[in-house]
Amino acid sequence: MTEVKPGDTVSIHYTGTLKDGTTFDSSEGRAPLEFEVGSGQIIPGLDVALPGMSVGDKKTVEIDCQDAYGPRDPDMRQAVPREGIPAEIPLDIGTQLQMQTPSGQAVPVVVVDVSETEVTLDANHPLAGQDLTFEIELMSIA
């Protein structure tokens, strides 16, 4: 039986959960996720779990935050003057917004604190700092 090796294009069905069992993503009801193994298209901890699997194999993969979206980085939080944000922009805690870097790249941020004078925005990935568990099933190897 053919086994996955780096460079193969594979498709998997998956369910990703947090330590408390909350599902944060799943391919259920959708087409399988297709990607090239070892290409950096998915998080490292999941990428390294695939070599050696065969079509139909199922596996549970526990991934430390370092091999997922990384630890939370305090430098990714930034306080900005409230007056610099247009009045029509909602500033409720948890609101997702987009900032633009000086080079023009869009960066998703979340409002994490609001005071009279400042709004604190967090550009960490929502899953940064989280250990993740994936239930995966290998559907195909191309």
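Residues numbered from 1 in each chain as written. Predicted model: local features only at pLDDT ≥ 70, side-chain atom pairs only at ≥ 80, totals over all residues. Heavy atoms only, no water.

Caption draft 1: Structural context of the side chain of Thr95. By the secondary structure assignment, Thr95 is in the loop between β5 (77-81) and β6 (96-100). A polar atom in the side chain of Thr95 sits 2.7 Å from the backbone oxygen of Asp92. Non-local contacts of Thr95, meaning those with residues more than four positions away in its chain, are made with Pro90, Val109, Val110 and Val111. (Helix = DSSP H or I, 4+ residues; strand = E, 2+ residues; numbered from the N terminus. Polar contact = N/O pair within 3.5 Å; in protein donor to acceptor, adjacent residues only side chain to side chain. Contact = heavy atoms within 4.5 Å.)

Caption draft 2: The arrangement of the pairing of strand β2 (residues 23-26) in detail. Direction of pairing for strand β1 (residues 9-18) relative to β2: antiparallel, over a ladder of three bridges. Within the sheet, the bridge partner assigned to Gly16 lies in β2 and is Asp25. Count of turn residues in the β1/β2 antiparallel hairpin: four residues, of which Gly21 carries a positive phi of about 90°. (Pairing = 2+ DSSP bridges.)

Caption draft 3: Quick peek at the nonpolar core. The biggest cluster of nonpolar side chains holds 21 residues, and the ones touching the most others in it are Ile12, Leu46, Leu50, Phe134 and Ile136. When residues of this core are traced back to their parent elements, those giving at least two are β1, β4 (58-63) and β9 (132-141). In this structure Ile136 touches Ile12, His13, Tyr14, Leu46, Leu50, Met53, Asp57, Lys58, Lys59 and Val61, once residues within four positions along its chain are discounted. With nine residues, the next largest nonpolar core counts Ile85, Leu97, Val111 and Ala123 among its residues. (Core = buried A, V, L, I, M, F, W, Y, C linked by side-chain atoms within 4.5 Å. Buried < 20%, exposed > 50% of the residue type's maximum accessible area, 1.4 Å probe, protein only.)

Caption draft 4: Highlighting the sheet that holds strand β8 (residues 118-122). The four strands are arranged β5-β8-β7-β6 in an open sheet whose pairing can be described as antiparallel. Since the sheet does not close on itself, it has two edges, and those belong to β5 and β6, each with one partner. Adjacent strand axes in the sheet meet at a mean angle of 45° when their direction is disregarded. Summarising the sheet, strand β7 (residues 106-114) and β8 pair through four bridges and their orientation is antiparallel. What sits directly across from Val111, in β8, is Leu121. (Axes fitted to C-alpha atoms, helices over the stretch in contact; angles between N-to-C directions.)

Caption draft 5: Fine view of the pattern of salt bridges. For the structure on display, the rule yields four salt bridges. Among the salt bridges present, the one from Asp8 reaches Lys5, with a minimum N-O distance of 3.0 Å. The class of Lys5 is partly exposed, set by a relative accessible area of 47%. For Arg72, the salt bridge is made with Asp122, and the minimal N-O distance between the two is 2.4 Å. Of this pair, Arg72 sits in the loop between β4 and β5 while Asp122 sits in strand β8; the two residues are 50 residues apart in sequence, bridging distant segments of the chain. (Salt bridge = Lys/Arg side-chain N within 4 Å of Asp/Glu carboxyl O.)

Caption draft 6: Summary view of the packing of aromatic side chains. Tallied over the full model, the rule gives two aromatic pairs. Geometrically, the ring pair formed by Tyr14 and Phe134 is tilted, given 6.3 Å between the ring centres and 55° between the ring planes. Separated by 120 residues along the polypeptide, Tyr14 in strand β1 and Phe134 in strand β9 bring together distant segments of the chain. Of the residues examined, Tyr14 reaches a relative accessible area of 10% and is grouped as buried. (Phe/Tyr/Trp six-rings, centres within 6.5 Å; stacked < 30°, edge-to-face > 60°.)

Caption draft 7: Molecular detail of the pairing of β7. Summarising the sheet, β6 and β7 pair through five bridges and their orientation is antiparallel. The partner of Gln100 across the bridge, within β7, is Ala106. What sits between the antiparallel neighbours β6 and β7 is a turn of five residues, in which Gly104 has the positive phi angle 95°. Between β7 and β8, which follow one another and run antiparallel, lie three residues.

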